[in-house]
Amino acid sequence: MSTGGNGGATVTNKQVILRDYVSGFPKESDFEIITTTTTTVELNLPEGSNSVLVKNLYLSCDPYMRSRMGKPAASGLAQAYTPGKSILGFGVSRVIESGHPDYKEGDLMWGIVGWEEYSVVTPIPDMHFKISHTDVPLSYYTGLLGMPGMTAYAGFYEVCSPKKGETVYVSAASGAVGQLVGQLAKMMGCYVVGSAGSKEKVDLLKNKFGFDDAFNYKEEQDLSAALKRCFPNGIDIYFENVGGKMLDAVLLNMNIHGRIAVCGMISQYNLENHEGVHNLSNIIYKRIRIQGFAVFDFYDKYSKFLEFVIPCIKEGKIAFVEDVAEGLEKGPEALVGLFHGKNVGKQVVVVARE
């Protein structure tokens, strides 16, 4: 640490930067950890600033981040990362200095920050949230109590319109979103089946999260037959995280008036040419409703979500599994691992614990 000319302390600021735009599967070599004299941050804000200076504690690895690694596209919904600059994502941070009326030194917050040790953030409603409940693990605000948890809650209750006794299928079910969707469905009295990509993950679904059944999609020669085996009477609700061949198989097994909440399509994110879906006529004959959604449309319900989920955590009604990588330098490996199914549960990167 050194002292800046204006009297404020200056520290080096380790960052994860994107080397260049990514095509295909991202690699660790697409990123670089930099700690140089040019990446310093002054631990004080300019006079009259409306921003907050934060120390980042936990960073979230999320599949949607792949869409920000490619070249800017006219149809892109997420703003592309800038090569040579720190990548951005959801994180949990502690306020060091604040020029914003809603935050003071020592406050905890979660929202979009740089993948770096310190960030200067201008809080945006529905993008940054003050953390009031600190009697739960802070890392949960990258997952269960943050964007993924809210995604599960909104997608299941608001988009799927579930009813007690219905059949629910969740793909990528051991991930940050899927593990909560399955538990919410069980709490409602639904029959729930999930799929994942390893025996360890399948065991988690059945033994930790209480799914009625689960299967390893990598071991199935015929996905439609696997779904027929698990759902002999058809699927009422499909929480879609995968796309491609899985979506095709699901359409054959949906019930009349079934609902599909499209949260993600991780099987397609790294493909230059996306796979087609062939069983779309089932949408007509079975009167299936397919709805894509973005969590940002539902953040007005975030306080209601916390009122519901925090007591469930404390009472042991909801379990949550994290896969923790220690140190910012482990960030690229953890992020890239998402797209190869290496994570078991919610992938978190610990930058600092306090």
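Just so it is clear, the model here is predicted, and its values are computed rather than measured.

Enquirer: Before we go on, may I ask you to explain the packing of helix α1 (residues 147–159) against helix α2 (residues 178–187) in this structure?
Expert: Between two packed helices, what matters for the description is the angle formed by their axes and the separation of those axes. Between α1 and α2, whose axes approach to 9 Å, the crossing angle comes to 45 degrees. Accordingly, the angle class assigned to the pair α1 and α2 is oblique. Note that α1 runs across α2; the crossing there is right-handed. Seen from α1, the contacting residues are G149, A152, Y153, F156 and Y157; seen from α2, they are L180, V181, L184 and A185. Each residue belonging to the contact of α1 with α2 can be placed in one class, and the counts come to eight nonpolar, one polar and no charged.

Enquirer: I'm lost on the pairing of strand β7 (residues 88–98) in this one. Help?
Expert: Every regular strand shows the same layout, with side chains that alternate between the two sheet faces. Relative to β7, strand β6 (residues 52–60) is paired through seven bridges, and the arrangement is antiparallel. When the sheet's bridge partners are listed, L59 is paired in β7 with G91.

Enquirer: For this particular structure, what's the right way to read the side chain of D236?
Expert: Here D236 is to be found in strand β14 (residues 235–240). Within the buried core, D236 has no salt-bridge partner, and the shortest N-O distance to an opposite charge, that of R259, equals 5.3 Å. A polar contact of 3.0 Å, which involves the side chain of D236, links it to the side chain of N255. Once you skip the residues sitting within four places of it in the chain, D236 turns out to touch E166, T167, M254, N255, G258 and R259.

Enquirer: What is the right way to look at the packing of aromatic side chains in this model?
Expert: Think of a pair of aromatic rings as described by two things: how far the centres are apart, and how the planes are tilted against each other in angle. Per the stated rule, a full pass over the model turns up 21 aromatic pairs. Residues W110 and Y299 carry aromatic rings whose centres are separated by 6.2 Å and whose planes lie at 70 degrees to one another, so their mutual orientation is edge-to-face. Highlighted residues: W110 in strand β8 (residues 108–114) and Y299 in the loop between β16 (289–292) and α7 (302–314), separated in sequence by 189 residues. The residues W110 and Y299 share a single accessibility class, namely buried. Seen in terms of ring centroids, Y169 and F215 are 6.0 Å apart; in terms of plane orientation they differ by 10 degrees. Their pairing is stacked.

Basis of the calculations
- Residues numbered from 1 in each chain as written.
- Predicted model: local features only at pLDDT ≥ 70, side-chain atom pairs only at ≥ 80, totals over all residues.
- Heavy atoms only, no water.
- Axes fitted to C-alpha atoms, helices over the stretch in contact; angles between N-to-C directions.
- Helix = DSSP H or I, 4+ residues; strand = E, 2+ residues; numbered from the N terminus.
- Parallel < 35°, antiparallel > 145°, perpendicular 65-115°, else oblique.
- Left-handed = near helix turned anticlockwise from the far one by under 90°.
- Contact = heavy atoms within 4.5 Å.
- Nonpolar A, V, L, I, M, F, W, Y, C, P; charged D, E, K, R; others polar.
- Pairing = 2+ DSSP bridges.
- Buried < 20%, exposed > 50% of the residue type's maximum accessible area, 1.4 Å probe, protein only.
- Lys, Arg positive; Asp, Glu negative; His and termini not counted.
- Salt bridge = Lys/Arg side-chain N within 4 Å of Asp/Glu carboxyl O.
- Polar contact = N/O pair within 3.5 Å; in protein donor to acceptor, adjacent residues only side chain to side chain.
- Phe/Tyr/Trp six-rings, centres within 6.5 Å; stacked < 30°, edge-to-face > 60°.

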